[in-house]
Amino acid sequence: MPFDLAFAWSILPDLLRGAIVTAEATFGGMALAMLGGLLLALGRRIGPPPVAGFVRGYISLVRNTPLLVQLYFIFYVLPLAGLSFNALGTGIVTLGLHYSAFLAEVYRAGIDAVPHGQWEAAQALSLSRRDTWRDIILPQAIRPMVPVFGNFLIGMFKDTPLLATITIPEMFGAAEQIAGDTYRYNEPYTLVGLIFLLISYPAALGVRGLERRFGVH
Amino acid sequence: MSTEPLIRFRGLRKAFGANVVLEDFNMDIADGERIALIGPSGSGKTTVLRLLMGLDTFDGGEIEVGGVPLSRPSEQAKLARRQIGMVFQHFNLFPHMTVMANVTEAPRRVLGLSNAEAQARATGLLRMVGLEAKLNALPRQLSGGQQQRVAIARALAMRPRIMLFDEVTSALDPELVGEVLRVVRQLARESGMTMLIVTHEMSFARDVSDRVVFMERGRVAEQGPPDMIFRNPSNERTRAFLQAILER
Ligand SMILES: Nc1ncnc2c1ncn2[C@@H]1O[C@H](COP(=O)(O)OP(=O)(O)OP(=O)(O)O)[C@@H](O)[C@H]1O
Ligand SMILES: [Mg+2]
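Residues numbered from 1 in each chain as written. Chains lettered and ligands numbered in written order. Predicted model: local features only at pLDDT ≥ 70, side-chain atom pairs only at ≥ 80, totals over all residues. Heavy atoms only, no water.

Peer 1: I keep staring at the interface of chain B and chain A and nothing clicks. Help me out?
Peer 2: Bring the parts together and some accessible area is lost; that lost area is often taken as the interface size. Listed per partner, the contact involves 22 residues of chain B and 16 residues of chain A. Overall, the association of chain B and chain A removes approximately 1,600 Å² of surface from exposure, summing both partners, and the carbon and sulfur fraction of that is 58%. Broken down residue by residue, the surface that chain B buries against chain A is led by F94, H96 and R109 of chain B, which jointly contribute 30%. There are 2 salt bridges connecting chain B and chain A. Two residues, R109 of chain B and D135 of chain A, come together in a salt bridge whose shortest N-O distance is 2.6 Å. (Contact = heavy atoms within 4.5 Å. Buried area = accessible area lost by both parts, 1.4 Å probe. Salt bridge = Lys/Arg side-chain N within 4 Å of Asp/Glu carboxyl O.)

Peer 1: Just checking my understanding: could you explain empty space enclosed by the protein for this structure?
Peer 2: Gaps between atoms show up when a probe of the same size as a water molecule is rolled over them. Under the criterion given, the structure shown has 3 cavities of 30 Å³ or more. Quantified by volume, the largest cavity comes out at close to 50 Å³. Lining the largest cavity are A121, A124 and L125 of chain A together with M86, V87, F88, F91, A151, R154 and A155 of chain B. When residues of the lining of the largest cavity are traced back to their parent elements, those giving at least two are α5 (116-124) of chain A together with β6 (84-87) and α5 (144-156) of chain B. Ranked by the residues each element gives to the lining of the largest cavity, the list is headed by α5 of chain B, at 3 residues. Grouping the amino acids of the lining of the largest cavity by side-chain chemistry returns 9 nonpolar, no polar and 1 charged. Roughly 30 Å³ of internal volume is contained in the second largest cavity. Looking at the second largest cavity, the residues that line it are A124, L125 and S126 of chain A together with R81, R82, I84, G85, A155, M158 and P160 of chain B. Breaking the lining of the second largest cavity down by element, the ones donating at least two residues are α2 (75-82) and β6 of chain B. Each residue belonging to the lining of the second largest cavity can be placed in one class, and the counts come to 6 nonpolar, 2 polar and 2 charged. (1 Å grid on protein atoms, 1.4 Å probe; cavity = no way out; pocket = protein on both sides within 12 Å on 5 of 7 lines; lining within 4 Å. Points joined across faces, edges and corners; volume = space filled by probe spheres on them. Helix = DSSP H or I, 4+ residues; strand = E, 2+ residues; numbered from the N terminus. Nonpolar A, V, L, I, M, F, W, Y, C, P; charged D, E, K, R; others polar.)

Peer 1: Before we go on, may I ask you to explain the packing of helix α1 (residues 5-46) of chain A against helix α8 (residues 171-182) of chain A in this structure?
Peer 2: The description of two helices packed together rests on the angle between their axes and the distance between the axes. Residues and elements named next belong to chain A. Close contact between α1 and α8 brings their axes to 7 Å; oriented N to C, the two are set at 145°. Crossing angle aside, the handedness with which α1 passes α8 is right-handed. Together, F7, I11, D14, L15, G18, A19 and T22 of α1 and M171, A174, A175, I178 and T182 of α8 make up the contact between the two elements. Here the contact of α1 with α8 is composed, by residue class, of 8 nonpolar, 3 polar and 1 charged. (Axes fitted to C-alpha atoms, helices over the stretch in contact; angles between N-to-C directions. Left-handed = near helix turned anticlockwise from the far one by under 90°.)

Peer 1: Just checking my understanding: could you explain the sheet that holds strand β8 (residues 194-198) of chain B for this structure?
Peer 2: Paired through backbone hydrogen bonds, the strands of a sheet run either parallel or antiparallel to each other. Residue and element names in this part refer to chain B. Reading across the sheet, the 6 strands line up as β6-β7-β8-β3-β9-β10 and stay open at both edges, with mixed pairing between neighbours. The open sheet terminates on both sides in strands that have one partner only, identified here as β6 and β10 (219-224). Strand-to-strand, the axes of this sheet are offset by a mean angle of 20°, without reference to chain direction. Strand direction decides the pairing type here: strand β3 (residues 34-38) and β8, joined by 4 bridges, are parallel. Paired with L37 across the two strands is V198, which belongs to β8. Running over the sheet, α5 touches β6 and β7 (162-166) and is turned about 170° from β6. Of the strands in this sheet, β3, β9 (211-216) and β10 touch helix α9 (residues 236-247), which is tilted by about 100° from β9. (Pairing = 2+ DSSP bridges.)

Following this line, the structure appears as structure tokens:
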């Protein structure tokens, strides 16, 4: 099974164009998941009982079904109910919704780890609930979460090939396209694997650095 | 001294499950009075301060501040509590904020002071507690005694009429106790604020207060001017408690 360097070189631009879509999906999905996770965590903690109940149900549902199934559901089933996005939009929304259920747990642990005395000090100063959350509790809760976010970002990055299944031209989709057109599989899939490795591995090392810096002391 | 007490505890009751911590607790505190609250561990001293501050709810009786009842949440009760400042045993500074930000946070957010106004106020208070050189430090860069002095400045920045101190030196290394007690003493002498001080430092209790209240099992067992309580307690329990403390 020969590896044709010249061919590999020639398909690299296509793969890198795909990598840009991968990056868009990853960062878009993560931004959505961080916001969604926070809202879910707050909804469960300070929302009225129906909201808290909805959040619990949502989190169980999302955590106990595969991402691929959620992706197909949102891409193929929701449009039947008149709710549709373009393919990339669907991918970002699905990644965001999926990961928000996991990040909600991360936020919850972070919030629970803030010592009770911080709430009491804020209350003794007559700070409002809102000011207490925004200025006192969340900044302390989120700091040790930064490396955890990093790990989820890498995890999400490695989940993006699933998006190829709903026609999103991200990096893996681009490789499939090339393979289908040329009947050459070695170069495109090897390159995709290498690119994932070249990004994920240094990122994982970076997260370890973050852990040292932001870890709870 | 006006006839109407500033703070009034009447028939206060508090239980944690089956553990009745306060039972028919009564105490009146006049405006400007400085009370030292003493008593054995578990007698309910901290609980009295926490209920007054609103950190816990009580099960019966009433607390009034300036005539406003605190048993039910109301706008008036909120405003009454805004006149109360509290200093905790473990400081409870905001660890992610500088000293300056710790002291300016509540005046800016709650009182609506501008940045400049809040900083001017904070600078004055931090000078008073001897920490004007530490404005930009983070709490973890300070000694315990320095942190506690920041916590005092933080509470004072709200210009409270009433200050609560809960064993503010008991978490400190012995050599750092003096600097904190000095600040509290100075406040007691010069500020005219009403102060409720829980402490195990008997000589401090004696010279900082107008009245010593000895608590036992959730009630006031004996009270009076410091000289009387320390020189000639009438209650057998008070005597035994003071004896035990002095022998330590
Ligand atoms: N959050 C709580 N949950 C359950 N029990 C509590 C709680 N807080 C206090 N207690 C109990 O209430 C009683 C009185 O406690 P409190 O802290 O008021 O005593 P104290 O006089 O301040 O004692 P110390 O001198 O040890 O600080 C104790 O028996 C304590 O165990
Ligand atoms: Mg106590």
